[in-house]
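Residues per chain, in single letters:
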Amino acid sequence: MQLLDGKLISSQIKSEIKAEVEKWIADGGKKPHLAAVLVGQDGASETYVASKIRSCEEIGFTSTLLRFGPEISEESLLDAVESLNNDPDVDGFIVQLPLPKHISENTIMEAVNPAKDVDGFHPVNVGKMCKGLPSYISATPFGIIEMLIRAGIETSGKHCVVIGRSQIVGLPMSILMQRNEYPGNCTVTITHSKTHNLKEICQTADILIAALGRPEFVTADYVKEGAVVIDVGISRVADASKKSGFAIKGDVNFNDVAPKTSYITPVPGGVGLMTICGLLTNTFKAAKKEIYR
Ligand code: NAD
């Protein structure tokens, strides 16, 4: 079993981007600028946004954080999105999800200029990805793809089973794994909460991607000997032995599953740390106008 170490790979990617940004700026390029919009006071969102801003500073980007109270109207948030769309200094921006219930996430996502949609959530970017055209790949799928590449994991002709069909993880992951390039060329089965015989299907997976949000759901009896197991799940589970009062658990029971695998991602320290790299990569592409001129 080999560990796919998100801490190590993400720090390598950040160092690479930092060096490229230095060169880009030395050659007269504009310093990449990422803006983040945070609505309300959700604890997890605060942590994610703080880490995105910190990473920008580490690698030489400009960053801006726009905070709004939970009572902001959809209309006012749309105004904020529009002003970021029109701000020539902002290369890309994200609106941290989830948003309060009275605001439609789809309406907000669709208001973002696709050229600045560095989260890759806009239907134009999703559509381009489906067609295999250059686009912003959303952060979590980007992170997983990058892990497979850097470990040199063979994917062609393999059976990839994705558990979960969400817009931000399961669905884009299944599209990327079937495309006609590396990593890809898998035969993909996408499974979800209504799937019958989930365990039997998972047992046939050469590559198993678990993104269902059920802590330690995948046990050794779901996994074929020698499979590659990618654990996307992040759940907070009460744990009195921790200072915070909770432990972070993935969707895979690591200790049970790991001995059967060829490669596995830990949680924490796996996919979660990689996602930021997708956002930074997309923002740099936006600054270079690589995808949208
Ligand atoms: P989601 O709730 O939007 O989707 C979950 C999917 O899992 C659904 O499609 C549902 O049909 C399926 N599902 C639920 N229960 C199932 C079951 N018993 N059997 C089969 N399928 C089932 O979740 P999401 O946003 O895709 O996130 C999934 C997990 O990944 C969560 O734990 C989330 O916190 C985590 N996540 C991690 C990262 C990261 O950076 N590592 C990023 C996004 C989400």
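Residues numbered from 1 in each chain as written. Predicted model: local features only at pLDDT ≥ 70, side-chain atom pairs only at ≥ 80, totals over all residues. Heavy atoms only, no water.

### Observations regarding the site of the ligand
Within the structure, the ligand sits among 21 residues, and R165, S166, V232, I234 and T275 are positioned closest to it. Taking H192, its main chain carries an N or O atom lying 3.4 Å from a nitrogen atom of the ligand. One nitrogen or oxygen atom from the main chain of S193 is found 3.0 Å from an oxygen atom belonging to the ligand. In terms of residue count, helix 10 (residues 271–287) provides more of the shell around the ligand than any other element does, three residues in total. Looking at side-chain class alone, the shell around the ligand contains ten nonpolar, nine polar and two charged residues. (Near = heavy atom within 4 Å. Polar contact = N/O pair within 3.5 Å; in protein donor to acceptor, adjacent residues only side chain to side chain. Helix = DSSP H or I, 4+ residues; strand = E, 2+ residues; numbered from the N terminus. Nonpolar A, V, L, I, M, F, W, Y, C, P; charged D, E, K, R; others polar.)

### Considerations on the sheet that holds strand 3 (residues 62–68)
With respect to topology, three strands assemble into an open sheet ordered 3-2-4, the strand pairing being parallel. The open sheet has two free edges, formed respectively by strand 3 and strand 4 (92–95), since each of these has just one partner strand. Pairs of neighbouring strands in the sheet enclose a mean axial angle of 15°, with direction left out of account. The sheet contact formed by strand 2 (residues 33–39) and strand 3 spans seven bridges and is parallel. (Pairing = 2+ DSSP bridges. Axes fitted to C-alpha atoms, helices over the stretch in contact; angles between N-to-C directions.)

### Overview of the side chain of S135
Along the chain, the position of S135 falls in the loop between helix 5 (123–130) and helix 6 (139–150). Among the residues examined, S135 registers a relative accessible area of 6% and is labelled buried. Excluding residues within four positions of it along the chain, S135 makes contact with N125, K128, M129 and I291. (Buried < 20%, exposed > 50% of the residue type's maximum accessible area, 1.4 Å probe, protein only. Contact = heavy atoms within 4.5 Å.)

### Notes on the sheet that holds strand 8 (residues 228–231)
Ordered by their spatial adjacency, six strands build an open sheet running 1-11-8-7-5-6, and the pairing between neighbours is parallel. Each having just a single partner strand, strand 1 (2–3) and strand 6 (187–191) make up the two edges of the open sheet. Bridge count between strand 7 (residues 207–210) and strand 8: four bridges; the pairing is parallel. Residue pairing across strands places L208 opposite V229, the latter belonging to strand 8.

### Overview of the UniProt feature "binding site: NADP(+)" (unreviewed entry) in the chain
According to UniProt, the feature "binding site: NADP(+)" (unreviewed entry) maps to G164, R165, S166 and I234 in the numbering used here. Those annotated residues from the list above that line the largest pocket are S166 and I234. When you line up the elements, G164 lands in the loop between strand 5 (159–163) and helix 7 (170–178). Excluding residues within four positions of it along the chain, G164 makes contact with G170, L171, I190, T191 and A211. By secondary structure assignment, the location of S166 is in the loop between strand 5 and helix 7. Judged by relative accessible area, which is 33%, S166 ranks as partly exposed. Setting aside its immediate chain neighbours within four residues, S166 contacts L171 and P172. (UniProt positions renumbered as here; feature names shortened; annotations may be inferred. 1 Å grid on protein atoms, 1.4 Å probe; cavity = no way out; pocket = protein on both sides within 12 Å on 5 of 7 lines; lining within 4 Å.)

### Regarding the environment of S138
When you line up the elements, S138 lands in the loop between helix 5 and helix 6. Accessibility expressed as a relative area gives 4% for S138, which makes it buried. Between the C-alpha atom of S138 and that of S11, which follows or precedes it by 127 residues, the distance is 19 Å. If we skip the residues at most four places from it in the chain, S138 touches D119, G120, F121, I168 and P172.

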